[in-house]
Structure formats: C-alpha cells, structure tokens
Amino acid sequence: MAIGVFDSGVGGLSVHHALVRRLPTADFVYLADQAHTPYGGRSGEDIVNLTQAGCERLFDQGCSLVVLACNTAAAVALRRLQQTWLPTYRGAKARPLNILGIIVPTIEAATGLPWTHEPTQPVEKVEHVDVLGIFCTPATAASRVYEIEIDKRSGDVAVFSEACPTLARQIEAGAGEEELRAAVEAHVASLSRRIGRPPDRAILGCTHYEIIAALFRAALPVGTPLIHQPDATAEAIALYLRRHAQYDPGSSGGRLFLTTGAAGLQNGLVEQFWGSPVSFDAA
Ligand code: DGL
C-alpha cells in the first residue's frame, strides 16, 4: 500500500517534499495531471471529474489514501467526491480508501484552532484584525473557501484572496525568473492596493507557488510570515495515519512519479526546488 499525492502538475511536489520528510519510510505515488493542467481556470464540473479520475488512478496503483496536494481540487472537488463518488467506489473495492485535502490543515495553521473547533455561534469580531492574504488560482478564489472557513472560526482575521490566473501555467512551463518576479510583484501590489496596505501574513494557496516562494518573500515586506501549507499538511497526514491504522502507508520508502502528460525530466524551476533533476513516468 502507498500514499497517493495528486496535483494538476508539479505544484504538489512541494507537499510531497514535506510529506517525505515527515514520513520517510512510507511509499508514495505522485500523480501530476499535466495533460489537463492548469485547473485554476476550469469549470467546477471539469475540476471534479479530473480530480476523480486522478484519485481513481492512484487507488488503482495501490494507494489507500490520496492527498489532494492542490488547493483548486481540494476547494472545488474534495467535499463532493467524499460525499458522492467515494462511498460507492470504496464499497466496490471493498478496502479502506480515503481522500484528504490541504486546506483544512492550512486553516488550522492560520487560525491556531483545530478544525473541529467550528463554533455553533457566530464568533465575536474585533476592530483590529490581522490581515491574511491568500495568493491562489481563480477557481480557489471563486470558491471563497478560505474566507468562509476562517471567518467562521476567527474574529480577528480578515482574509483577502488574490487570484493569479497565469502563474501556475508559467511555473508549469518553467518560465524565467524575471517574468515570474514581475508577475508576483504585480499580484502583491494588486492585493496590497485592495487591502490599503500589505497583508500582515500570507498563504501561498496554490501549491505551485511554493516552488517560487522566494519571489513572494522578496515582493512582500521583509519578514511577512508565510503560513507553510506543505508542513501543515504533512503534520496533519502523519497524525491522521496514527489515528487511522486501516490506511497502510507502506514501509519501503518507495517513490513513484507519474504524469498524464509527457514523461521525462521536469523543468529547471522544479529541479532547483527539489535539489536534483525530477523525472516523471507516463501514467
Ligand atoms: N497547484 C494547484 C493548486 O494548488 C493547481 C494549479 C492549477 O492547476 O491551476 O491550486
């Protein structure tokens, strides 16, 4: 058995990296849906169908647990798949299978509260709020998942999302540093204009952006804390596995990297992030 990690492309490698550090002996299968990347400008229906196909592929590959290392898929498709498709599919396969996302652990890290804390009464709002900027895809921004879930739990955090329509595609294509720097600076400036000042904290709410986190750090005021989604996710998955022994993560440290797109070496940005060349096999 193994843990599946799914993204539209190379972005989920940032989560995979943290997962491997946290669970070094587990077996991992990474699937990049590069035939259909990017997801961020697609319709909800498309995102649900593509995410379902990716999960199915990973379950067929022997995974018991699939981590959606993609904010867009987690924001748009996760709940729907958990409530509709997965129960029937799991029944047909007659083995424990589950899909988890990356937004819940990120919100827990942002609020400092466990997910189960969800209050029954509206939380009391305070005047001086901590402004949290979320850089994400248009589909994640349109879902308003971060705004809704953080607002429910916390009275002193105001969330502003900045949709970055082309950034995941540029990272997927291995764009040059100057082009990426200009795009990141424009998004930080646009978000800061809407807030009236730069955010107090930020989340790179698209896993692709973690690959160019240094450019976000450089564009934001010095020392702006970035909530680290990959580490928050890795910690949450490790805890989940400890509590749910039925999901066997394997123990031989296997690493398989698959793509629905063209097999082979991934671009230089990925190599720089990973610290060595990364090559995907055909799914
Ligand atoms: N890396 C993904 C995310 O976290 C998807 C980006 C895309 O395909 O647009 O949102």
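Going by the structure above, here's the rest.
Residues numbered from 1 in each chain as written. Predicted model: local features only at pLDDT ≥ 70, side-chain atom pairs only at ≥ 80, totals over all residues. Heavy atoms only, no water.

A. Representation of the sheet that holds strand β5 (residues 130-136). Read from one edge to the other, the open sheet built from 4 strands follows the order β6-β5-β7-β8, with strand pairing classed as parallel. Each edge of the open sheet is held by one strand with a lone partner, namely β6 (157-163) and β8 (226-227). Summarising the sheet, strand β7 (residues 201-204) and β8 pair through 2 bridges and their orientation is parallel. Bridge assignment links Ala202 to a residue of β8, and that residue is Leu226. Along the sheet, helix α9 (residues 177-195) contacts β5 and β6; its crossing angle with β6, the most-contacted strand, is approximately 140 degrees. (Pairing = 2+ DSSP bridges. Helix = DSSP H or I, 4+ residues; strand = E, 2+ residues; numbered from the N terminus. Contact = heavy atoms within 4.5 Å. Axes fitted to C-alpha atoms, helices over the stretch in contact; angles between N-to-C directions.)

B. Representation of the sheet that holds strand β2 (residues 28-32) in the model. The strand order across the open sheet formed by 7 strands is β4-β3-β1-β2-β9-β11-β10, and the pairing between neighbours is mixed. Lying at the two open borders of the sheet, with one neighbouring strand each, are β4 (98-100) and β10 (264-265). Two elements, strand β9 (residues 255-259) and strand β11 (residues 279-282), share 2 bridges in a ladder whose sense is parallel. Paired with Thr259 across the bridge in β11 is Ala282. Helix α1 (residues 13-22) contacts β1 (2-7), β2, β3 (63-68), β9 and β11 of the sheet and is inclined by roughly 175 degrees relative to β2. Set on the sheet, helix α2 (residues 44-60) makes contact with β1, β2, β3, β4 and β9; between it and β3 the angle comes to about 145 degrees.

C. A look at the site of the ligand. Near the ligand there are 14 residues, and of these Ser8, Tyr39, Asn71, Thr72 and His208 occur at the shortest range. A distance of 2.6 Å separates an oxygen atom of the ligand from a polar atom in the backbone of Tyr39. Considering the ligand on its own, with 300 Å² of exposed area, one finds that the protein chains cover 99% of that surface. Looking at the shell around the ligand residue by residue, the classes come out as 5 nonpolar, 8 polar and 1 charged. (Near = heavy atom within 4 Å. Polar contact = N/O pair within 3.5 Å; in protein donor to acceptor, adjacent residues only side chain to side chain. Areas by Shrake-Rupley, 256 points an atom, 1.4 Å probe, with all protein chains shown as cover. Nonpolar A, V, L, I, M, F, W, Y, C, P; charged D, E, K, R; others polar.)

D. Summary view of the side chain of Gln229. Among the secondary structure elements, Gln229 is positioned in helix α11 (residues 229-243). Look at Gln229 and you get buried, because its relative accessible area is 2%. Only 3.5 Å separates the side chain of Gln229 from the backbone oxygen of Ile102, close enough to count as a polar contact. Engagement of the side chain of Gln229 in a polar contact is seen with the side chain of Thr106, the distance being 3.0 Å. In this structure, Gln229 is in contact with Asn71, Ile102, Thr106, Tyr146, Leu204, Gly205 and Thr207, ignoring residues within four places of it in sequence. (Buried < 20%, exposed > 50% of the residue type's maximum accessible area, 1.4 Å probe, protein only.)

E. View of the packing of aromatic side chains. Counted according to the given criterion, the structure contains 11 aromatic pairs. Residues Tyr209 and Phe216 carry aromatic rings whose centres are separated by 5.7 Å and whose planes lie at 25 degrees to one another, so their mutual orientation is stacked. As far as the burial class goes, Tyr209 and Phe216 line up, both buried. Note that Arg153 overlies the ring of Trp115, its terminal NZ or CZ placed 3.7 Å from the centroid. (Phe/Tyr/Trp six-rings, centres within 6.5 Å; stacked < 30°, edge-to-face > 60°. Lys NZ or Arg CZ within 6 Å of the ring centre and 35° of its normal.)

F. Quick look at the nonpolar core. Membership of the largest hydrophobic core comes to 51 residues, with the highest contact counts inside it found for Leu19, Leu23, Phe135, Leu167, Tyr209, Ile212 and Phe216. Ranked by the residues each element gives to this core, the list is headed by α9, at 6 residues. Beyond its immediate stretch of four places on either side in the chain, Ile212 contacts Leu167, Ile171, Leu180, Val184 and Leu269. Membership of the second largest hydrophobic core comes to 26 residues, among which are Ala2, Val29, Leu68 and Leu258. (Core = buried A, V, L, I, M, F, W, Y, C linked by side-chain atoms within 4.5 Å.)

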